[in-house]
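Listed below are the residues making up each chain.
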2 protein chains.
Amino acid sequence: MQEVLFLNDVKGAVSRLLEGAGYNRTFVLCDDNTAREVLPLVQCEALDGAHVITIAAGDAHKTLDSLAHVWSELGAHGATRRSLLINLGGGVVTDLGGMAASTFKRGIDFINIPTTLLSAVDAAVGGKTGINFNGLKNEIGVFSEAKAVIISTCFLATLPQGEIKSGFAEMLKHGMLESEDEFMRLLDYDLTAADHDQMLALVRTSVQVKQRIVEQDPHEKGLRRALNLGHTVGHAFESFALHRGEPIAHGYAVAWGLVAETVLSHLKRGFPSEHLHRLARHVRDNYGAFHITCDDYQALLNYMHHDKKSVSGEINCSLLRSCGAVETGITVTDDDMRAALDIYRDLMGI
Amino acid sequence: MQEVLFLNDVKGAVSRLLEGAGYNRTFVLCDDNTAREVLPLVQCEALDGAHVITIAAGDAHKTLDSLAHVWSELGAHGATRRSLLINLGGGVVTDLGGMAASTFKRGIDFINIPTTLLSAVDAAVGGKTGINFNGLKNEIGVFSEAKAVIISTCFLATLPQGEIKSGFAEMLKHGMLESEDEFMRLLDYDLTAADHDQMLALVRTSVQVKQRIVEQDPHEKGLRRALNLGHTVGHAFESFALHRGEPIAHGYAVAWGLVAETVLSHLKRGFPSEHLHRLARHVRDNYGAFHITCDDYQALLNYMHHDKKSVSGEINCSLLRSCGAVETGITVTDDDMRAALDIYRDLMGI
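Reference entry: report on the structure contained in this document. Quick caveat: nothing in here was measured; it's all calculated off a predicted structure.

## Points about the relation of the copies chain A and chain B
So, step 1. Once turned by 180° and shifted 0.0 Å along the axis, chain A lies on chain B with an RMSD of 0.1 Å. Here the symmetry operator amounts to a two-fold rotation axis. Relative to the rotation axis, the C-alpha of V142 of chain A is the closest in chain A, positioned 4.3 Å from it.
So, step 2. Interface overlap between copies is the fraction of interface residues in one copy that are interface residues in the other; for chain A against chain B it reaches 96%, indicating a shared surface.

Quick look at the structure:
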């Protein structure tokens, strides 16, 4: 079982994890940003002599070239099967570093220290690793769990507000999958407060929701698709925005996708209207609206039909009967989706 | 559990495995040679419409470039998570194809059909996949088991005698790990006979020896190192031969390494002298001798100290007390190794 530590004493956690673990060499993977902003915050005796590997920041560098660079650095600096790689960064670093560690000499241990809210609640836990390839996101990767994940909110101060909101959208998703109580607790949280301790408690619950689902279905054969809630429409929004030259952050796309798919949940599974409206208001207030017109529907539908997780070309969603009651693998017709997008636009006031 | 089929009706086996399995697309990976020589022998209705991917033959092409080529071909021809890759070839094809399948979209099913004796008894079973990287063999890879392995001796007729002997050396190793009876049965087999049925029975036992060990230790933390018998010295011979510009086949290196390590087993663990002499005679008669002088010892020792499986720079061997009784992780001093190489030269008549 993967060890997930929730705490704000990251140095202490690193020291405890390394002590007596018998690693003969420790490596730290950063990107340009985390090497500069975050590495100094975790530098401690246990990391003296660790070799730091740096890749360029951003999803555009989540490539085979970066992966080969990490492999080369590991090899050139004497990594063996008893060495450890610590991934210190956002989702690009934990995904790519996890892949590098899992394939170097057929697998060495790695520890994830997510430095963004999004990677803390999403990428760093659950065993998905990977890189983009031939223009496709996470086209190449393996399922492989980190030996440990250290989740802290003390790095959040280094992040712009938009990054916090991006991660919070995934937390909303987890909250809706969990229970009405958890959903309400999130809606009541003041996103502008920057209360690290309260946030850490919310993050802990959020990660535990994901962990419970992943444990039951590590290789995404069934239940894990619940985590796709909001992402069928979200990914379509993301691709559409990219295509029209106005890219949007993943978390924002998820927030808007979550509204549209909750509309679908209401239409097709009787999800309570009152909760739908509370969600829509929260998203509109905090994320604004993603602007689309009915002229854009066909393009969006095309993206949904070609989603990586679509097996037969049908549009597939995970939908909620209520908070805490999810159904996966529901086929949605084009007409249903158009109706949902109409209502999404109403709710968003566009 | 991995399904391993031993039979000479390969078409029938492929048809049965694919029937009702629900794969939406089938791919076959070959190298230049197997595409020409072996693919026509297995072509059947179940493979109509399969897309054939070809890589250049030989260990020199077990590279990241070839791997990326396979990924690209899979992507370009519509592979999804429900697609299947069939690896038809020797160890390079099954290792690289296994790696490609295990990492494409985080893993699709693959079936191995080994076409050389060496890959049948070694590479195709046991879940090791990989590629060479930065000049190091199998530096990058994952542990990932084929959905099924179809083992047949009907392709052996396409192979030169040297290839058969190369595979047979690994069978000798398995026989010695198994029991005195199995070891004797192999020594009694006439390598020039080309009796496919008798060979299939021997291969079946050999693969089962490996399977039993791998099941107990899939990720090579302990017992699996037993399979390294003969390889500490064998790899050193291989690297040394390569360095002096006279490369030797892996199986031949294993046969010679097996003699040297059986000498060590005799010296350090009391392995019966009579069996050592029978092995040495068999190897000398069938493989000739690998010529070294005492001036070469230091170079050979250097290779052994830098073996991938050496953790602390010490020379590590798996040694036998007798056939069927192995001990792993035994540290061998330079003096022990020099003494063993002296006796190896005596036994080989050089």
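Still more ground to cover, so stick around.
## Some remarks on the nonpolar core
So, step 1. Core analysis: the biggest nonpolar cluster contains 200 residues, and F168, F237, W256 and M337 of chain A together with M337 of chain B have the highest contact counts within it.
So, step 2. Of all the elements, helix α11 (residues 250–269) of chain A adds the most residues to this core, at ten residues.

## Some words on the pairing of strand β3 (residues 51–55) of chain B
Residue and element names in this part refer to chain B.
So, step 1. Covered by surrounding structure in β3 are H51, I53 and I55 only, the residues V52 and T54 on the alternate face being uncovered.
So, step 2. Note that strand β2 (residues 26–31) and β3 share five bridges and pair parallel. Opposite C30, over in β3, you have T54 as the bridge partner.

## A word on the interface of chain A and chain B
So, step 1. Across the boundary between the two partners, chain A contributes 28 residues, which contact 27 residues of chain B.
So, step 2. A combined buried area of about 2700 Å² lies between chain A and chain B, and 56% of that area is made up of carbon and sulfur atoms.
So, step 3. On the surface where chain A and chain B come into contact, there are four salt bridges.
So, step 4. Across the pair E220 of chain A and R81 of chain B runs a salt bridge, and its minimum N-O distance is 2.8 Å.
So, step 5. Counting every contact that joins chain A to chain B gives ten residue pairs in polar contact (both at pLDDT 80 or more).
So, step 6. Ranked by residue count, the leading element in the side of chain A that touches chain B is helix α4 (residues 64–76) of chain A, at five residues.
So, step 7. Residues that form the side of chain A that touches chain B fall into these classes: ten nonpolar, ten polar and eight charged.

## Observations regarding the sheet that holds β3 of chain B
All names here are of chain B.
So, step 1. Here we have six strands laid out as an open sheet, ordered β1-β8-β5-β4-β2-β3, and parallel in their pairing. Each edge of the open sheet is held by one strand with a lone partner, namely β1 (3–6) and β3. Across the sheet, the axes of successive neighbouring strands diverge by a mean angle of 20°, strand direction being ignored.
So, step 2. The sheet contact formed by strand β5 (residues 109–114) and strand β8 (residues 148–151) spans two bridges and is parallel. Counted as the bridge partner of N112 is V149 from β8.
So, step 3. Across the sheet, helix α1 (residues 10–18) is in contact with β1, β2, β4 (84–89), β5 and β8; its angle to β8 comes to roughly 165°.

## Section: the pattern of salt bridges
It is possible for side chains of opposite charge to pair when their charged atoms get near one another.
All names here are of chain B.
So, step 1. Evaluated as defined, the whole model comprises 32 salt bridges over all chains.
So, step 2. Residues K62 and D95 are paired through a salt bridge, measuring 2.7 Å at the closest nitrogen-oxygen approach. With K62 in the loop between β3 and α4 (64–76) and D95 in helix α5 (residues 91–103), this pair connects stretches of sequence that are 33 residues apart.
So, step 3. Given the relative accessible area of 5%, K62 is considered buried.
So, step 4. Measuring nitrogen to oxygen at the nearest pair gives 2.8 Å for the salt bridge that ties E178 to R212.

## Focus: the side chain of S152 of chain B
Residue and element names in this part refer to chain B.
So, step 1. By the secondary structure assignment, S152 is in the loop between β8 and α7 (161–178).
So, step 2. A distance of 2.8 Å separates a polar atom in the side chain of S152 from a polar atom in the side chain of N8.
So, step 3. Within the structure, the side chain of S152 is placed 2.9 Å from the backbone nitrogen of C154, a separation counted as a polar contact.
So, step 4. Leaving out residues up to four positions away in the same chain, S152 has contacts with L7, N8, V10 and L200.

## Remarks on unusual backbone geometry
Across the chain, the bulk of peptide bonds are trans and the bulk of non-glycine residues have phi less than zero.
Residue and element names in this part refer to chain B.
So, step 1. Despite not being glycine, K105 shows a phi value in the positive range, around 50°.
So, step 2. On the secondary structure map, K105 appears in the loop between α5 and β5.
So, step 3. One non-glycine residue with positive phi stands out, namely N134, at about 50°.
So, step 4. Among the structural elements, N134 can be located in the loop between β6 (131–133) and β7 (136–140).

## Quick notes on helix α11 (residues 250–269) of chain B
So, step 1. With 15 of 20 residues buried, α11 of chain B is to be regarded as a mostly interior element.
So, step 2. Following α11 of chain B by one or two positions, G270 of chain B adopts a phi angle in the positive range, close to 70°.

## Considerations on the packing of helix α8 (residues 180–188) of chain B against helix α12 (residues 273–287) of chain B
Residue and element names in this part refer to chain B.
So, step 1. Where α8 meets α12, the axes come as close as 11 Å, and the angle between the chain directions of the two elements is 30°. Here α8 is positioned roughly parallel relative to α12, judged by the angle of their axes. Both α8 and α12 take part in a crossing whose hand is left-handed. In this structure, α8 uses E180, F183, M184, L186, L187 and D188 to contact α12, whose residues at the interface are H275, R278, L279 and H282.
So, step 2. Of the residues contributing to the contact of α8 with α12, the split by class is five nonpolar, two polar and three charged.

## Concerning the environment of K62 of chain B
All names here are of chain B.
So, step 1. When the C-alpha atoms of K62 and D95 are compared, they prove to be 8.4 Å apart, with 33 residues separating the residues in sequence.
So, step 2. With residues near it in sequence (within four places) discarded, K62 still touches V92, D95, L96, G130, I131, N132 and N138.
So, step 3. At 2.7 Å, the side chain of K62 and the side chain of N138 are in polar contact.

## Topic: the sheet that holds strand β2 (residues 26–31) of chain A
Residue and element names in this part refer to chain A.
So, step 1. Read across the open sheet, the six strands follow the order β1-β8-β5-β4-β2-β3; overall the sheet is parallel. The open sheet has two free edges, formed respectively by β1 (3–6) and β3 (51–55), since each of these has just one partner strand. Each strand of the sheet is rotated relative to its neighbour by a mean of 20°, with strand direction disregarded.
So, step 2. Direction of pairing for strand β4 (residues 84–89) relative to strand β5 (residues 109–114): parallel, over a ladder of six bridges. Across the sheet, the residue bridging to G89 is P114, located in β5.
So, step 3. Of the strands in this sheet, β1, β2, β4, β5 and β8 (148–151) touch helix α1 (residues 10–18), which is tilted by about 165° from β8.
So, step 4. Sheet contacts for helix α5 (residues 91–103): β2, β3, β4 and β5; angle to β4, the most-contacted strand, approximately 165°.

Rules of the game
- Along each chain, the written sequence defines residue order, and numbers are assigned to residues from 1.
- Chain A is the first chain written and ligand 1 is the first ligand written, with later ones labelled in order.
- Reporting in this predicted model follows two pLDDT cut-offs: at least 70 for local features of residues, and 80 or more for side-chain atom pairs to be given and counted; totals over whole chains, interfaces and linings ignore these cut-offs and use all residues.
- Side-chain descriptors were evaluated using all non-hydrogen atoms of the structure, hydrogens and water having been removed beforehand.
- The least-squares superposition of copies is restricted to C-alpha atoms, and to residues with a pLDDT of at least 70 in both copies.
- By definition in these notes, contact holds between two residues if any of their heavy atoms fall within 4.5 Å.
- Here, the term nonpolar core denotes a set of buried Ala, Val, Leu, Ile, Met, Phe, Trp, Tyr and Cys residues that are joined through side-chain atoms within 4.5 Å.
- Buried means the residue's accessible area, taken with a 1.4 Å probe over protein chains only, is under 20% of the maximum for its type, while exposed means over 50%, and partly exposed covers the values in between.
- Segments assigned H or I by DSSP are reported as helices when at least four residues long, segments assigned E as strands when at least two residues long, and all are numbered from the N terminus.
- Two strands form a pair only when DSSP identifies at least two bridges running between them.
- Accessible area, probed at 1.4 Å, shrinks when two parts are joined; the buried area is that loss added up over both.
- Throughout this description, the term salt bridge denotes a Lys or Arg side-chain nitrogen within 4 Å of a carboxyl oxygen of Asp or Glu.
- In protein, a polar contact requires one atom able to donate a hydrogen and another able to accept it; more generally it is a pair of N or O atoms within 3.5 Å, and residues adjacent in sequence count only if both atoms are side-chain atoms.
- Three residue categories are used. Nonpolar comprises Ala, Val, Leu, Ile, Met, Phe, Trp, Tyr, Cys and Pro, charged comprises Asp, Glu, Lys and Arg, and polar comprises the others, including Gly.
- In this description, a line fitted to the C-alpha atoms serves as the axis of each element, helices being fitted only across the stretch in contact, and the angle between N-to-C directions of two axes falls anywhere from 0 to 180 degrees.
- Orientation is classified from the angle alone, with under 35 degrees giving roughly parallel, over 145 giving roughly antiparallel, 65 to 115 giving roughly perpendicular, and any other angle giving oblique.
- Here a crossing is called left-handed whenever its near helix is offset anticlockwise from the far helix by less than a right angle, and right-handed whenever the offset is clockwise.

By themselves, these are just geometric observations and shouldn't be taken as functional.
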